[in-house]
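# A closer look at the structure
Now for the letters of each chain:
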Amino acid sequence: MHSVLYLIFIIAPLTTLIHELGHVSGSLAVNADYIQLSIGTGKRKMVLKRKRVEFNIYPAFFIGGITRSERAKPYNKTESVWITILGPTFNAITALISYLLFEVFPSEFLQLLFWFNMWMAIVNIIPFTINGKRTDGFTILELIRK
């Protein structure tokens, strides 16, 4: 039972944060003017601002996340793909690092971190939509088709 709670309240939000930080990194790399990272759902509880990045935390912090970014000069296709691909890429890198660490320091935390990040990387790179929500893979496919 504790593994499920651990997964829901620690691993899932951490993995979501890592994913969204990938998008933030991509946005920073292409000089976005404004970046907003939101974790969770519900009525906003906390806002942290640092230069051009705004970080919003909601009470149900374990339920998803989203990153938006804007720039006066519109992003070109390559920049948009870069921003989008870095979310799943950060999850894949985190999975690799947690796997390597698990080999040296076996722990339930590292094992769950590995599997959840692998799942997040793979699912997000597959192009599909559910209830109007698009995966990063779907966004990339749309960008390539344009």
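What counts, and where the lines are drawn
- Residues numbered from 1 in each chain as written.
- Predicted model: local features only at pLDDT ≥ 70, side-chain atom pairs only at ≥ 80, totals over all residues.
- Heavy atoms only, no water.
- Helix = DSSP H or I, 4+ residues; strand = E, 2+ residues; numbered from the N terminus.
- Rg over C-alpha atoms; globule rule 2.2 N^0.38 Å.
- Buried < 20%, exposed > 50% of the residue type's maximum accessible area, 1.4 Å probe, protein only.
- Areas by Shrake-Rupley, 256 points an atom, 1.4 Å probe, with all protein chains shown as cover.
- Core = buried A, V, L, I, M, F, W, Y, C linked by side-chain atoms within 4.5 Å.
- Contact = heavy atoms within 4.5 Å.
- Expected span 1.5 Å × (residues − 1).
- Bend = angle between axes of the 7 residues up to and from the residue.

When you go through the chain residue by residue, the secondary structure sums to four helices and six strands. Starting at the N terminus and walking to the C terminus, you meet the elements of the chain as α-β-β-β-β-α-α-β-β-α. A compact globule built from 146 residues would reach a C-alpha radius of gyration of about 15 Å, and the chain, at 16 Å, matches this within 12%. Each principal axis of the C-alpha distribution contributes one length, and for the chain these read about 50 × 35 × 30 Å. Evaluated residue by residue, the chain yields a buried proportion of 37% over its 146 residues. With the model as given, the accessible surface of the chain reaches about 9,000 Å², and the carbon-plus-sulfur share is 68%.

Here the focus is the nonpolar core. By size, the foremost hydrophobic cluster in this structure holds six residues: Val24, Ala32, Ile35, Leu37, Ile39 and Phe55. Ranked by the residues each element gives to this core, the list is headed by strand 1 (residues 34-39), at three residues. Contact partners of Ile35, with chain neighbours within four places excluded, come to Val24, Ser27, Leu28, Arg52, Val53, Glu54, Thr67, Arg68 and Ser69. Ile11, Ala12, Leu112 and Leu113 belong to the second-largest nonpolar core, a separate cluster that totals five residues.

Tracing the backbone shows Leu28 in helix 1 (residues 2-29). Overall, the relative accessible area of 33% leaves Leu28 in the partly exposed class. Expressed as a C-alpha distance, the spacing of Leu28 and Ile83, which sit 55 residues apart in the sequence, is 8.8 Å. Residue contacts for Leu28: discarding those within four places in its chain leaves Ile35, Arg52 and Val53.

The end-to-end C-alpha distance of helix 1, which contains 28 residues, comes to 39 Å, matching closely the 40 Å that a straight helix rising 1.5 Å per residue would cover. The sharpest bend along helix 1 comes to roughly 35°, located at Ile8. A positive backbone phi angle near 60° is found at Asn31, which sits one or two residues after helix 1.

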